[in-house]
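What follows is each chain in one-letter form.
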Amino acid sequence: MADDSSRKRKVRGRKITTDRSKKEGRRAKKELARKSSKAGKRNGDSSLSAPEDVAPEPFVETDAVASLRDRINGWLEAEKPVHLIGPTGCGKTALALSAAAERGRPVVWINGDESVDTAALVGANAGGERYKESDRFVSGVSKQTEIVRERWVDNPLSVAVQEGATLVYNEFSRSDPSAHNVLLSVFEEGVLERPGKRGEDRTIDVHPEFRAIFTSNDVEYAGVHRQQDALLDRFVGVHIDYYDAETEREIVKSHVDLSEEDVEAIVSKTRALRDELDLVVGTRAAITAAKGLAVFDGQRNGDGDGEAGEFDDELLTDVFMDVLAPKIAGEGPDDVSQLRTQIAESV
Ligand SMILES: Nc1ncnc2c1ncn2[C@@H]1O[C@H](COP(=O)(O)OP(=O)(O)OP(=O)(O)O)[C@@H](O)[C@H]1O
């Protein structure tokens, strides 16, 4: 875990651009945003978003966040697919979406899942359109021909590859590796094969501005698949650990309206539990605990007049128990009481 040395530099939402070249960049982004939403309509595909519609709000940028984001964008500029690897709730998705928004290209989002197959990525025929042609080549005799035209629908990967979008493929290792074979030629030959399409439509050239960011957890979780080496070999991997305490405090403050002291207390307890428990206790857990304490602390103290940064130990134990209990769902009552004891001792 990083130390607290990172200098605080907090930029909420998007950076304010200053010089003309950056203003030009902003105008180009707006133009792209208009085009991408139009392209999304043309494809009948809602998976295409304008860059500014995906940047997570609020988004905190301390030096630690900015340096990770710059590293991701540097590799994207080098035309390498980036694989963000890190524990649950550490900030991979927020970082990926922020890097994607920073590029100013349309963004396409895919969630990894067991049910994702090649067709779900690339597209498929969505049933046929039937229509009749009738010929009256001899008076009094008409010939009816029924024609069925297959209607192809592009799915997110095809849309991203054609529009030069930034593909954000979240938790991609939850998908079966066989679905990802089409990615090999995308990253190697710059061509997307579309099984199900015939003739010259079968392959499309990858737009020169197409880029991809993949996220996955770093430990073998239930429901993840080991992906093929041939694909991982084409990625660069950026390992994300939990941020330094200062960054986590800024992140919690950006989500929950609590005093500095309260946030400080919650983040330090979260980090202590992260060290002591054999569970993944992410930044998301700190945000959830802060949201709970903002409500329950007020209820317990009537008008919430408790000392800033001072929470009732029993309340803290209850809140962190509720935040972490889903991680031991299905375990026995002994595990539940053991977790409660560990939390009570830690807070
Ligand atoms: N820089 C940031 N600014 C503001 N909020 C952030 C930032 N980074 C992370 N968060 C918040 O922290 C929480 C966890 O972040 P995120 O969902 O990106 O983690 P993750 O590693 O992708 O989690 P998972 O592995 O479950 O997908 C989210 O609520 C997110 O909004």
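What counts as what
Residues numbered from 1 in each chain as written. Predicted model: local features only at pLDDT ≥ 70, side-chain atom pairs only at ≥ 80, totals over all residues. Heavy atoms only, no water. Domains from an automatic or database assignment. Contact = heavy atoms within 4.5 Å. Buried area = accessible area lost by both parts, 1.4 Å probe. Polar contact = N/O pair within 3.5 Å; in protein donor to acceptor, adjacent residues only side chain to side chain. Nonpolar A, V, L, I, M, F, W, Y, C, P; charged D, E, K, R; others polar. Pairing = 2+ DSSP bridges. Helix = DSSP H or I, 4+ residues; strand = E, 2+ residues; numbered from the N terminus. Axes fitted to C-alpha atoms, helices over the stretch in contact; angles between N-to-C directions. Salt bridge = Lys/Arg side-chain N within 4 Å of Asp/Glu carboxyl O. Buried < 20%, exposed > 50% of the residue type's maximum accessible area, 1.4 Å probe, protein only. Core = buried A, V, L, I, M, F, W, Y, C linked by side-chain atoms within 4.5 Å. Near = heavy atom within 4 Å. Areas by Shrake-Rupley, 256 points an atom, 1.4 Å probe, with all protein chains shown as cover.

Asker: Would you mind going over the domain arrangement of the protein chain with me for this structure?
Answerer: Where interface size is quoted, it is often the accessible area lost as the parts come together. On domain assignment, one finds that the protein chain holds domain 1 (48-113 + 157-239) and domain 2 (245-301 + 310-346). With ten residues of domain 1 in contact, the opposing surface of domain 2 contributes nine residues. Together, the buried faces of domain 1 and domain 2 total about 730 Å²; carbon and sulfur atoms form 65% of this surface. Interface area lost by domain 1 to domain 2 is led by Pro58, Val60 and Gly89, which between them contribute 54%. The interface formed by domain 1 and domain 2 holds three residue pairs in polar contact (both at pLDDT 80 or more) in total. Of the residues that constitute the side of domain 1 that touches domain 2, the class distribution is seven nonpolar, three polar and no charged.

Asker: Can you walk me through the sheet that holds strand E1 (residues 48-49) in this structure?
Answerer: Within a beta sheet, neighbouring strands are joined by backbone hydrogen bonds and run either parallel or antiparallel to one another. Sheet architecture is open: six strands sit in the order E1-E3-E6-E9-E2-E10, paired in mixed fashion. In this open sheet, the two strands that pair with only one neighbour each are E1 and strand E10 (236-239). In the packing of helix H2 (residues 63-77) onto the sheet, the strands contacted are strand E2 (82-85), strand E9 (211-216) and E10, and the crossing angle to E9 comes to about 135°. Lying over the sheet, helix H5 (residues 156-163) contacts E1, strand E3 (107-111) and strand E6 (166-170), oriented at roughly 155° with respect to E3.

Asker: Explain the pattern of salt bridges here, please?
Answerer: Where charged atoms of side chains with opposite charge meet at close range, the side chains can pair. Under the criterion given, the structure shown has 17 salt bridges. Residues arginine 340 and aspartate 318 are paired through a salt bridge, measuring 2.5 Å at the closest nitrogen-oxygen approach. Here arginine 340 is found in helix H12 (residues 333-346), whereas its partner aspartate 318 is found in helix H11 (residues 313-324), with 22 residues between them in sequence. For arginine 340, a relative accessible area of 34% corresponds to the partly exposed category. Overlapping salt bridges, with partners in common, bring together Glu61, Arg69 and Glu102 in one network.

Asker: Mind showing me how you'd approach the nonpolar core here?
Answerer: Taken as a class, soluble globular proteins show a tendency for nonpolar side chains to be buried jointly. Counting residues in each nonpolar core, the largest one holds 56 residues, and the members touching the most others are Leu84, Leu95, Leu324 and Ile343. Of the residues forming this core, the biggest block, seven residues, is contributed by H11. Counting the residues that make up this core, at least three belong to each of domain 1 (48-113 + 157-239) and domain 2 (245-301 + 310-346). With near-sequence residues (within four places) excluded, leucine 84 lies in contact with Ile72, Lys92, Leu95, Ala96, Ile213, Phe214, Thr215, Ser216, Val238 and Ile240. Of all hydrophobic cores here, the second largest spans 28 residues; its members include Leu48, Ala165, Phe187 and Ala212.

Asker: Explain unusual backbone geometry here, please?
Answerer: Negative phi values dominate among residues other than glycine, just as trans dominates among peptide bonds. Residues other than glycine seldom take positive phi values, yet glutamate 79 does so here, at roughly 60°. Structurally, the position occupied by glutamate 79 is in the loop between H2 and E2. For glutamate 79, a relative accessible area of 58% corresponds to the exposed category. Here the phi dihedral of glutamate 171 falls at roughly 50°; this positive angle occurs in a residue that is not glycine. Topologically, glutamate 171 is positioned in the loop between E6 and helix H6 (181-188).

Asker: How do you make sense of the site of the ligand when you look at a structure like this?
Answerer: The environment of the ligand is formed by 18 residues, the closest being Val60, Lys92, Thr93, Ala94 and Arg284. Here glycine 89 contributes a backbone N or O atom positioned 2.9 Å from an oxygen atom of the ligand. Within the side chain of arginine 284, one N or O atom sits 2.8 Å away from an oxygen atom of the ligand. Here the ligand loses 87% of its free accessible area of 630 Å² to cover by the protein chains. Mapped onto the shell around the ligand, the elements with two or more residues apiece are helix H3 (92-103), helix H8 (245-255) and helix H10 (283-300). Of the residues that constitute the shell around the ligand, the class distribution is eight nonpolar, seven polar and three charged. Formed jointly, the shell around the ligand draws a minimum of three residues from each of two domains, domain 1 (48-113 + 157-239) and domain 2 (245-301 + 310-346).

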